[in-house]
Amino acid sequence: MSQTLELFPIGNCAASALIDEGGRFVWACAPRVDGDPFFSALLCGRDPGGEAAQGIWAIEAEGATDIRQSYLRNTPILSTEIVDGEGGALEVIDFCPRYRQFGRVYRPLAFIRLVRPVAGAPRIRIRCRPTFNYGERKTSTTNGSNHIRYVGGETTMRLTTDASVSNILEERVFRLEEPIAMFLGPDEGFDADIAITTERMLRETTFYWRSWVRTLSTPLEWQDAVIRAAITLKLCAYEETGAIVAALTTSIPEHAPEPGQAGRNWDYRYCWLRDAYYVVQALNRLGAADMLENYLGYLRNLVDEARHQHIAAVYAPAPVSEPPGTEPARKPPPGLGPGVVTDPNRAGHVQPVYGVGLEPVLTEWIAPHLPGYRGMGPVRIGNQAHEHHQHDVYGQIVLSTVQAFFDERLFRPATEQDFRALEPIGERAFEVHDKPDASLWEFRGREAVHTYSSVMCWAACDRLGNAAAKLGLAERAHYWNDKARHVRQTIETRAWNEKLGRYAATFGGEELDASLLQMIDVRFTTPDDPRMKATMQAVEEGLRRGAFMLRYAIPDDFGLPKTAFNFCTFWLIEALHLSGRSDEARELFGQMLARRTKAGLLSEDITFDGRELWGNYPQTYSLVGLINCATLLSRPWSSVR
């Protein structure tokens, strides 16, 4: 079986795994989503069903003739039914436990597999072959009468089971005559009846997810697609800190690399503030306030860090070049001791991406022992984007936060103190709104003043004005509204290309970029504005390839793009609808729904003919686009009530 992106994610907002069409675990990291892959077959460059495959957890039926997979309704719990040629059948239930217990949510680093005979006496084999050090070698094992310990990596895992331990260790074929329970989790004793306990965990996990889905305000149409996308976005959250990762994988290439070219392979297992903003925006449209509130905690910590950088720079000691005995003009305030950042150039700076534990340094390196998806390396760990200046991030911080000043549902509505903490972000946005950056597409070899980044800086100032007005801070509202007017004037003057009669992707440039369509979404302009109409027409004509959209059509650090970007196609669908072309928008939306995997999900990229998905998976950007378009295009509930 060749590798594809026909993968089913399971998870619990702490642990996550991807299961392929053969019912095999082919990707799962420990101890966190950005950790060493315990199951690494997705990037081992070989058939995960082969005898030599490593980094898998497979349950195989001898003589299997048919495999059917589906999620239990409104959950991320996967059912895999396997039928053999002699009438035998079994079902495998895969999930990560998640439910409320002792006043908190139980969400361990744990994976449960329940194997149930359905018909006959199928002969099965269990192969559990974890790896460590990014695919370098298999873990070693020790075992007891009912458990196997997998040792060698940063995290020792223990498989507790009521199956024969020797059958698993020796990968022996045996008759499945009774149900089997397997709990793979931390190296701790499982002091309970495993069959009874895992069945209870299944019931409670099912109840948790169906209860959460029940709180969603879904559109009338495409409910199944929206619910599946929403559940998967929640799986991309690392709940302990509030971070939201861009995808669960690293280094699935954007397209097949050409000879002599480095692959467009990136590690997306981190929290991009831009991506997270779009995620909480989409889930807000469904009423999922829990995701917003948890992410805001993550943001507040980042904002605090940026504020301390600003204070440290302002109160930096005098340069060493000053004459001996010269005293600094100001001293650091209490609490800012040795080791604090004092580079004035980074005062108030916020990175575009952080680790799920708020780590600022994500040093990028290549894992030498993983050949990559279909052997298309390199496999990158870490992401150089943490070094970039991407000025749109300041707008996304404020846009993510501003709802908390107005939303009465929240446990912790935003306060004046939160507003004051956000103001340095706004000041930074104003400061850099006309400065070059790497753009939201993270160009590695060039910088320019990008229109999208500047528009997001405008949004930061504009929304701070809204928040100040809500808090009754008239002077601050006037201050920020004035800043927003200044940034708007700059954009309307410098991003407008008079010769071409449209906005350009860069100040003073001619480039097209799909992100120009977002000028409508953030309310910088309206779809009926003549300037925006001309820009939308140019973007569609220049970047559309059949049913799909490019981000841009110019060479970047790795040559010309070879695939379309799914999120941008959803942007086009929104723009078509808002400009009165709703029938076209619905038709194109239907085409995008048809391109989803069997799990109902999308990756980052797609070939121009729509036949194959590429890029990291499941991609939060793409699922956000699906939710946004469904809520925009759906008939209202009033049409059927």
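Along each chain, the written sequence defines residue order, and numbers are assigned to residues from 1. Local features in this predicted model are restricted to residues of pLDDT 70 or higher, and side-chain atom pairs are both shown and tallied only at a pLDDT of 80 or more, whereas totals for entire chains, interfaces and linings draw on every residue. Remark: hydrogens and water are excluded; side-chain values derive from all non-hydrogen atoms of the structure.

## Things to note about the side chain of Arg228
Then comes step 1: Within the secondary structure, Arg228 is located in helix H3 (residues 223-235).
Then comes step 2: Three exposure classes are used, based on accessible area relative to the maximum for each residue type with a 1.4 Å probe and protein chains only: buried under 20%, partly exposed in between, and exposed over 50%. Positive charges come from Lys and Arg, negative ones from Asp and Glu, while His and the chain ends are left out of the count. Should a side-chain nitrogen of Lys or Arg be within 4 Å of a carboxyl oxygen of Asp or Glu, the pair is scored as a salt bridge. Of the side chains with opposite charge, Asp224 lies nearest to the buried Arg228, which makes no salt bridge, at 8.1 Å.
Then comes step 3: Throughout this description, a polar contact denotes any pair of N or O atoms lying within 3.5 Å of each other; where both atoms belong to protein, one of them has to be capable of donating a hydrogen while the other can accept it, and for residues adjacent in sequence the pair is counted only when both atoms sit in side chains. A distance of 2.7 Å separates the side chain of Arg228 from the backbone oxygen of Thr75, its partner in a polar contact.
Then comes step 4: Any two residues whose heavy atoms approach within 4.5 Å are treated as being in contact. Those residues within four positions of Arg228 in sequence are excluded, and the remaining contacts are Tyr71, Leu72, Asn74, Thr75, Pro76, Ala599, Gly600 and Leu601. Labels follow the DSSP assignment, with helices taken as runs of H or I lasting at least four residues and strands as runs of E lasting at least two, numbered in each case from the N terminus.

## Focus: the packing of aromatic side chains
Then comes step 1: Each pair of aromatic rings taken from Phe, Tyr and Trp, with Trp reduced to its six-membered ring, is defined by centres within 6.5 Å and is described as stacked if the planes are under 30 degrees apart, edge-to-face if over 60, and tilted in the remaining cases. Per the stated rule, a full pass over the model turns up 31 aromatic pairs.
Then comes step 2: The interplanar angle of 85° and the centroid separation of 5.3 Å between the aromatic rings of Tyr134 and Trp365 together place this pair among those described as edge-to-face. Of this pair, Tyr134 sits in the loop between strand E13 (131-132) and strand E14 (137-138) while Trp365 sits in strand E24 (residues 365-366), and the two are 231 residues apart along the sequence.
Then comes step 3: Look at Trp365 and you get partly exposed, because its relative accessible area is 38%.
Then comes step 4: The interplanar angle of 20° and the centroid separation of 4.5 Å between the aromatic rings of Phe567 and Tyr621 together place this pair among those described as stacked. With Phe567 in helix H12 (residues 566-578) and Tyr621 in helix H14 (residues 620-633), the pair connects residues that are 54 residues apart, well separated along the chain.
Then comes step 5: Every member of this aromatic cluster is reached through a ring pair, and the members are Tyr277, Tyr278, Trp441, Phe565, Phe567, Trp571 and Tyr621.
Then comes step 6: We count a charge as sitting over a ring when the NZ of a lysine or the CZ of an arginine lies within 6 Å of the ring centre and within 35 degrees of the ring normal. Note that Arg32 overlies the ring of Tyr238, its terminal NZ or CZ placed 5.9 Å from the centroid.
Then comes step 7: Over the ring of Phe524 we find Arg488; its NZ or CZ atom is 4.3 Å from the centre of that ring.

## Thoughts on the sheet that holds strand E8 (residues 89-95)
Then comes step 1: Pairs of strands are assigned from DSSP output, requiring at least two bridges between the strands. Across the sheet, which stays open at both edges, the eight strands sit in the order E6-E7-E8-E11-E19-E17-E16-E15 with antiparallel pairing between neighbours. The open sheet terminates on both sides in strands that have one partner only, identified here as strand E6 (64-71) and strand E15 (140-143). Between one strand axis and the next, the sheet turns by 20° as a mean value, whatever way the strands run.
Then comes step 2: Pairing of E6 with strand E7 (residues 78-84) involves seven bridges; the strand directions are antiparallel. To define axes, lines are fitted to C-alpha atoms, for helices over the stretch in contact only, and angles between the resulting N-to-C directions are given on a 0 to 180 degree scale.

## A look at helix H2 (residues 194-214)
Then comes step 1: Helices are assigned an expected span. That span is 1.5 Å times one less than the residue count. Relative to the 30 Å expected for 21 residues at 1.5 Å per residue, H2 spans 30 Å between its end C-alpha atoms, a close match to the ideal helical length.
Then comes step 2: Along H2, the residues classified as buried are Ile194, Thr197, Thr198, Met201, Leu202, Thr205, Thr206, Tyr208, Trp209, Trp212 and Val213.
Then comes step 3: Its side-chain oxygen at 3.1 Å from the backbone nitrogen of Ala195, Asp193 defines the N-terminal cap of H2.

## Side note on the confidence of the model for the chain
Then comes step 1: By definition, pLDDT measures how confident the predictor is in each residue, and it falls between 0 and 100. Summing up the model confidence of the chain, the mean pLDDT is 92 and the portion of residues at 70 or higher is 93%.
Then comes step 2: Throughout residues 310-344 the model reports pLDDT below 50, and contacts reaching past four residues in sequence, or to other chains, amount to 23 contacts.

## Focus on the pattern of salt bridges
Then comes step 1: Applying the stated rule across the entire model yields 48 salt bridges.
Then comes step 2: With its nearest N and O atoms 3.1 Å apart, the salt bridge here joins Asp434 to Lys435.
Then comes step 3: By relative accessible area, Lys435 is classed as partly exposed at 40%.
Then comes step 4: With its nearest N and O atoms 2.8 Å apart, the salt bridge here joins Lys499 to Glu510. A residue pair is termed long-range when its members are at least 10 positions apart, and Lys499 in the loop between strand E26 (496-497) and strand E27 (502-503) and Glu510 in the loop between E27 and helix H10 (518-521) qualify at 11 residues.
Then comes step 5: One salt-bridge network, held together by shared partners, links Glu416, Arg420, Glu423, Glu475 and Arg476.

## Some points on the environment of Cys44
Then comes step 1: As for its placement among the helices and strands, Cys44 is situated in the loop between strand E4 (36-39) and strand E5 (56-61).
Then comes step 2: For the pair Cys44 and Val26, spaced 18 residues apart in the sequence, the C-alpha separation amounts to 9.4 Å.
Then comes step 3: Leave out the neighbours within four places in its chain, and Cys44 touches Gln3, Gln54, Leu370, Pro371 and Gly372.

## A look at the nonpolar core
Then comes step 1: Throughout this description, the term nonpolar core refers to a set of buried Ala, Val, Leu, Ile, Met, Phe, Trp, Tyr and Cys residues connected via side-chain atoms within 4.5 Å. Grouped together as the largest cluster of nonpolar side chains are 203 residues, with contacts concentrated most on Trp57, Phe111 and Leu273.
Then comes step 2: At 11 residues, the largest contribution of residues to this core is made by helix H8 (residues 451-470).
Then comes step 3: In terms of nonpolar packing, the next biggest core, distinct from the first, is built from 13 residues, Ala181, Phe183, Phe190 and Ile194 among them.

## Considering the pairing of strand E17 (residues 157-161)
Then comes step 1: Within E17, five of the five residues are buried, leaving the element largely enclosed by the surrounding structure.
Then comes step 2: With burial as the criterion, each face of E17 is covered, one bearing Met157, Leu159 and Thr161 and the other bearing Arg158 and Thr160.
Then comes step 3: In the sheet, strand E16 (residues 147-151) pairs with E17 via four bridges, with the strands oriented antiparallel. Looking at the pairing, Tyr150 lines up with Met157 of E17.
Then comes step 4: Count of turn residues in the E16/E17 antiparallel hairpin: five residues, of which Gly152 carries a positive phi of about 145°.
Then comes step 5: Pairing analysis gives five bridges linking E17 to strand E19 (residues 180-186), with the strands arranged antiparallel. The partner of Thr161 across the bridge, within E19, is Met182.

## Let's talk about the side chain of Asp418
Then comes step 1: Following the sequence through the fold, Asp418 ends up in helix H7 (residues 416-432).
Then comes step 2: When neighbours within four sequence positions are excluded, Asp418 is seen to be in contact with Arg300, Phe405, Arg412 and Pro413.

## Considering the environment of Arg494
Then comes step 1: Within the fold, Arg494 resides in helix H9 (residues 474-494).
Then comes step 2: Here Arg494 falls in the partly exposed class, since its relative accessible area comes to 38%.
Then comes step 3: Considering only alpha carbons, one finds Arg494 and Gly508, 14 residues apart in sequence, at a separation of 5.9 Å.
Then comes step 4: With residues up to four places along the chain from it excluded, the contact list for Arg494 reads Asp434, Thr506, Phe507 and Gly508.

## Examining the packing of H2 against H3
Then comes step 1: Across the interface, H2 lies against H3 with an axial gap of 11 Å and an inter-helix angle of 115°. Classified by chirality, the crossing of H3 by H2 is right-handed. The segment H2 lies against H3, with Tyr208, Trp209, Trp212 and Val213 engaging Ile227, Ala230, Ile231, Lys234 and Leu235.
Then comes step 2: Charged means Asp, Glu, Lys or Arg here, nonpolar means Ala, Val, Leu, Ile, Met, Phe, Trp, Tyr, Cys or Pro, and polar covers whatever is left, Gly included. Classifying every residue of the contact of H2 with H3 gives eight nonpolar, no polar and one charged. Should the near helix be turned anticlockwise from the far one by less than a right angle, the crossing is termed left-handed; should it be turned clockwise, right-handed.

## Quick word on the sheet that holds strand E30 (residues 564-565)
Pairing between the strands of a sheet is mediated by backbone hydrogen bonds and can be parallel or antiparallel.
Then comes step 1: In space, the three strands of this open sheet follow the order E30-E31-E32, with antiparallel pairing throughout. In this open sheet, the two strands that pair with only one neighbour each are E30 and strand E32 (613-614).

## Observations concerning the pairing of E7
Every regular strand shows the same layout, with side chains that alternate between the two sheet faces.
Then comes step 1: In terms of burial, E7 is largely enclosed, as five of its seven residues are buried.
Then comes step 2: Taken together, the six bridges between E7 and E8 define a ladder with antiparallel strand orientation. In the sheet register, Val83 faces E8, and the bridge partner there is Ala89.
Then comes step 3: Where E7 folds back onto E8 in an antiparallel hairpin, the turn is made up of four residues, including Gly87, whose phi is positive at roughly 90°.

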